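Geometric and topological summary
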Amino acid sequence: MSEEVKNFKVTIDNITLEVPPGTTILNAARLLGAEIAPPAMCYYSKLENSGGKCRTCLVEVAAGSTADPRPMPKLVASCRTTVMDGMVVKNITSEKVVDARNGVVEFLLINHPLDCPICDQAGECNLQDLSYGWGEVNTRYKFARRTFVREDIGPYIQLHMTRCILCYRCVFVADQLTEKRMHGIVDRGDHAAISTYISKAIDNDFSGNMIDVCPVGALTDRTFRFKNRVWFTKPQDAHRDCEKCCGKVTLWMRGDEVYRVTARKDKWSEVQSYDGKPGWICNTCRFEKKSASDWVIEGLTTISRYSVIGANKYKVKVTPETTIQKVMGGLKPNLLMNIHSISDVNDPDLHLSEIPGPADGKDFDIANEIDNHIDENPYEAENYNKEFMYKNLEK
Ligand code: SF4
Ligand code: FES
């Protein structure tokens with residue numbers, strides 16, 4: 001009789017759950033929802049050995065396990081670290097993580113051009129979302145950006161090496177989905193680039209999946225190039241009988257025209273699985289079936305991620321579960337840009353309508369409030385100070 005495997009208890013951002021041994025922290029966090037799950041720019045659950053490259057998924061392990069509750073000395077990549085029984089993990093509740101993630105995004109953006117207005121990936125780009133969440137408004141980088149000699153990799157896929165963040169996902173697609181590995185990253189550091197071999201892998205029937213896994217606009221669909229913004233298109237689930245792939249796709253339509261065909265994606269921007277297998281699609285379905293009559297249309301696609309791509313698609317948009325309140329229970333949410341903690345101007349306890357005449361600086365100034373009160377009630381100064389302090393600490 002097989003022995004029952006005992007699940008491990010792990011606490012992530014104050015929420016405890018049980019997962020089977022061998023689960024990574026990232027996948028455990030994904031069970032809790034989109035806000036708790038660390039961002040992942042290189043890990044892709046359908047690609048073996050992916051992860052460990054981009055460092056966006058760093059988390060703090062505040063206690064290693066019940067057996068050894070010491071904290072881990074450094075932040076760890078959650079996509080590559082498995083949970084232990086009794087482990088305590090901090091993601092958005094850790095100042096160290098917030099600081100590190102800001103730094104990682106700043107590094108990713110050093111060389112990534114801010115050309116979202118002309119990039120076909122804009123609106124569904126993971127780096128764009130990451131920059132909104134964690135990026136700085138300005139750059140501190142003063143040196144020349146990386147540039148590359150433009151490379152033509154065939155009629156279907158457009159390579160913009162300057163946008164590449166070297167996540168290796170396309171390398172794994174070439175490695176695991178196509179017959180021959182013709183594709184890799186050459187050189188190191190600032191010179192690292194997707195190799196010229198990519199043009200050889202491009203003939204393969206499944207090479208188009210590189211476009212779907214690329215988290216940025218480095219690999220885009222040449223047949224869709226500059227034709228439309230993704231948020232103006234209407235995504236529809238559709239299928240056809242295909243001898244090479246599962247034939248289940250999303251058609252990105254405007255009116256009756258099919259502008260683009262992609263694999264169907266889940267809320268982590270990964271291809272959905274069917275019968276336990278990833279729903280990769282072949283190049284015939286992706287690039288050659290651009291007529292609505294080629295497809296059986298099933299209905300509007302459900303959009304379940306926070307990104308511009310969901311704009312104007314209220315009917316089919318599924319808002320991801322909000323877990324922020326549970327996570328921040330009992331904590332002052334400084335990490336969430338609580339405007340009241342840095343500015344008294346918007347003090348929620350201050351009723352603007354009750355201020356006689358126009359409001360001015362004094363109405364919002366805590367120091368003035370204390371001074372005025374103490375002037376009027378000199379014998380209560382000590383008590384009032386304490387009371388005032390506690391009131392503001394509770395906020
Ligand atoms: S081209 Fe895209 S998928 Fe390939 S390594 Fe660069 S960012 Fe990743
Ligand atoms: S997703 Fe973990 S290092 Fe990139």
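Here is a short report on the structure shown in this document. (Residues numbered from 1 in each chain as written. Chains lettered and ligands numbered in written order. Predicted model: local features only at pLDDT ≥ 70, side-chain atom pairs only at ≥ 80, totals over all residues.)

1. A short note on the sheet that holds strand 3 (residues 58-63)
With mixed pairing, five strands are arranged side by side in an open sheet as 2-1-5-3-4. Where the open sheet ends on each side, the last strands, each with one partner, are strand 2 (15-19) and strand 4 (76-77). Bridge count for strand 3 against strand 5 (residues 87-90) is three bridges, and the pairing is antiparallel. From the neighbouring strand, Ala63 faces strand 5, where its bridge partner is Val88. Contacting strand 3 and strand 5, helix 2 (residues 95-111) crosses the sheet at an angle of about 165° to strand 3. (Pairing = 2+ DSSP bridges. Helix = DSSP H or I, 4+ residues; strand = E, 2+ residues; numbered from the N terminus. Contact = placed C-beta atoms within 7 Å. Axes fitted to C-alpha atoms, helices over the stretch in contact; angles between N-to-C directions.)

2. Things to note about the site of ligand 1
Of all residues adjacent to ligand 1, which total 14 residues, the nearest are Cys164, Cys167, Cys170, Cys214 and Ala218. Its residues assigned to classes, the shell around ligand 1 comprises 13 nonpolar, no polar and one charged. (Near = placed C-beta within 6 Å. Nonpolar A, V, L, I, M, F, W, Y, C, P; charged D, E, K, R; others polar.)

3. Details of the nonpolar core
If you look at the biggest cluster of nonpolar residues, it comprises 74 residues, and the most contacted ones within it are Cys170 and Met210. Examining the composition of this core, we find that six residues originate from one element, helix 4 (residues 169-177), more than from any other. Leaving out residues up to four positions away in the same chain, Met210 has contacts with Ile157, Cys170, Val173, Ala174 and Leu219. (Core = buried A, V, L, I, M, F, W, Y, C linked by C-beta atoms within 7 Å. Buried ≥ 20, exposed ≤ 12 C-beta atoms within 10 Å, placed from the backbone.)

4. Description of the sheet that holds strand 12 (residues 257-263)
Here four strands make up an open sheet; going across it, the order is 12-11-10-15 and the pairing antiparallel. The two strands at the open ends of the sheet, each matched to only one other strand, are strand 12 and strand 15 (296-300). Within this sheet the neighbouring strands show an average axis-to-axis angle of 35°, counted without direction. Here strand 10 (residues 234-239) pairs with strand 11 (residues 248-254) via six bridges, running antiparallel. Bridge pairing links Asp237 to Thr250 in strand 11.

5. Brief notes about the environment of Thr301
Structurally, the position occupied by Thr301 is in the loop between strand 15 and helix 8 (324-328). Note: C-alpha distance between Thr301 and Trp252 (49 residues apart in sequence) is 9.4 Å.

6. Here we look at the environment of Gly123
Its location among the elements puts Gly123 in the loop between helix 2 and helix 3 (126-134). Considering only alpha carbons, one finds Gly123 and Ser307, 184 residues apart in sequence, at a separation of 6.3 Å. Every residue in contact with Gly123, bar those within four places of it in the chain, is listed here: Arg229, Val230, Trp231, Ser307, Val308 and Ile309.

7. Here we look at the pairing of strand 3
In terms of strand pairing, strand 3 meets strand 4 through two bridges, oriented antiparallel. Bridge pairing in strand 4 places Leu58 opposite Ala77.

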